[in-house]
Amino acid sequence: MAILEVNNLSISFGGLMAVNDFGLNIEEGQLYGLIGPNGAGKTTVFNLLTGVYKPDQGRVILDGKELTGKNTIEINQEGIARTFQNIRLFSQLSVLDNVKVGLHNDYTYSTIEGILRLPRYKKTEKLMTERAMELLEVFGLADEAEYLASNLPYGKQRKLEMARALATNPKLLLLDEPAAGMNPNETAELMENIKFVRDKFKMTILLIEHDMKLVAGICEKLTVLNFGKVLAEGETSAVLHDPKVITAYLGE
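Residues numbered from 1 in each chain as written. Predicted model: local features only at pLDDT ≥ 70, side-chain atom pairs only at ≥ 80, totals over all residues. Heavy atoms only, no water.

Engineer: I tried to follow the pairing of strand β9 (residues 221-226) on my own but got confused; where do I start?
Structural biologist: With five of its six residues buried, β9 lies for the most part within the structure. Hairpin connection, β9 to strand β10 (residues 229-235): the antiparallel pair is bridged by two residues, and phenylalanine 227 has positive phi, about 55°. (Buried < 20%, exposed > 50% of the residue type's maximum accessible area, 1.4 Å probe, protein only. Helix = DSSP H or I, 4+ residues; strand = E, 2+ residues; numbered from the N terminus. Pairing = 2+ DSSP bridges.)

The structure is reproduced here in structure tokens:
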């Protein structure tokens, strides 16, 4: 069953068609890749899926529910979470508190309960801390829970952003170039993290990535964008060996 259905999605900026008649179907539990040359429209697609941009036409359906036209908060609450090409953490909050921020979809208390430190506040904070620590353990960040996020090395900041996205309890996780800036050892570890997250949380993952080794190693299917249009789609190996893809993307 397709957990994400995207039909005829299009958007233009100043008369330039950035995404043109884009379609995508992702099955529940799938690890899916969206690739293409720089400027092909990949991040624009993510912005359309998450409500940053409103499409000129087309539909986005998550788990049978229409999301088209909803704002970013509503879409996150419905079950789509993302990371960003440029890391967006709360740099002056602790690693732990960055993850706890993402938990407020599921754990709430009133302002008065928080100010007066009432029993419900204390119970909720305890549950949030426990849940956040579980997510930090997944990414090997538990020992740095009290560090400022800004003091983490780059690769660990990437992992923290993934942990925070998972804290919103999504049905679909969008990863925007998760290996950007990582060395080969960090990328190999990240690959294992992503596969572990998919299996442990029964998560569906859509990722944008330029590291073809990572893409080939974890993605089951791919869609290739070029100039805002779908160039190819299908099983990863077949797509990566498609002459059109090699010409447009790999430059060979």
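Engineer: Explanation requested: the environment of lysine 159 in the structure shown.
Structural biologist: Assignment of secondary structure puts lysine 159 in helix α6 (residues 154-167). For the pair lysine 159 and proline 178, spaced 19 residues apart in the sequence, the C-alpha separation amounts to 8.3 Å. Not counting the four nearest positions on each side in its chain, lysine 159 is found in contact with Phe139, Leu141, Glu189 and Asn193. (Contact = heavy atoms within 4.5 Å.)

Engineer: Is there a simple way to explain the sheet that holds β9 in this structure?
Structural biologist: If you trace the six strands from one edge of the open sheet to the other, you get β6-β7-β8-β3-β9-β10, paired in mixed fashion. A single partner strand is all that each edge strand has here, and the edge strands are β6 (80-82) and β10. Taking the axes of each pair of neighbouring strands and ignoring which way they run, one obtains an average angle of 20° across the sheet. When strand β3 (residues 31-35) meets strand β8 (residues 204-208), the two strands line up parallel, connected through four bridges. (Axes fitted to C-alpha atoms, helices over the stretch in contact; angles between N-to-C directions.)

Engineer: Whenever I open this one, unusual backbone geometry confuses me. Can you help?
Structural biologist: Across the chain, the bulk of peptide bonds are trans and the bulk of non-glycine residues have phi less than zero. Residues other than glycine seldom take positive phi values, yet aspartate 21 does so here, at roughly 55°. Mapped onto the fold, aspartate 21 is located in strand β2 (residues 16-27). The exposure class of aspartate 21 is partly exposed, given its relative accessible area of 40%.

Engineer: Can you walk me through the pattern of salt bridges in this structure?
Structural biologist: Once their charged atoms are close, side chains differing in charge can pair, the charge on each being opposite to the other. If you walk through the whole model with that rule in mind, you get twelve salt bridges. A salt bridge links glutamate 78 to lysine 65; the nearest nitrogen and oxygen atoms lie 3.0 Å apart. With glutamate 78 in helix α2 (residues 72-78) and lysine 65 in strand β5 (residues 65-66), the pair connects residues that are 13 residues apart, well separated along the chain. On the basis of relative accessibility, which here comes to 41%, the residue lysine 65 falls in the partly exposed class. With a closest N to O distance of 3.2 Å, glutamate 134 and arginine 131 form a salt bridge. On the criterion of helical spacing, the pair formed by glutamate 134 and arginine 131 is a turn pair, its members being three residues apart in helix α5 (residues 119-138). (Salt bridge = Lys/Arg side-chain N within 4 Å of Asp/Glu carboxyl O.)

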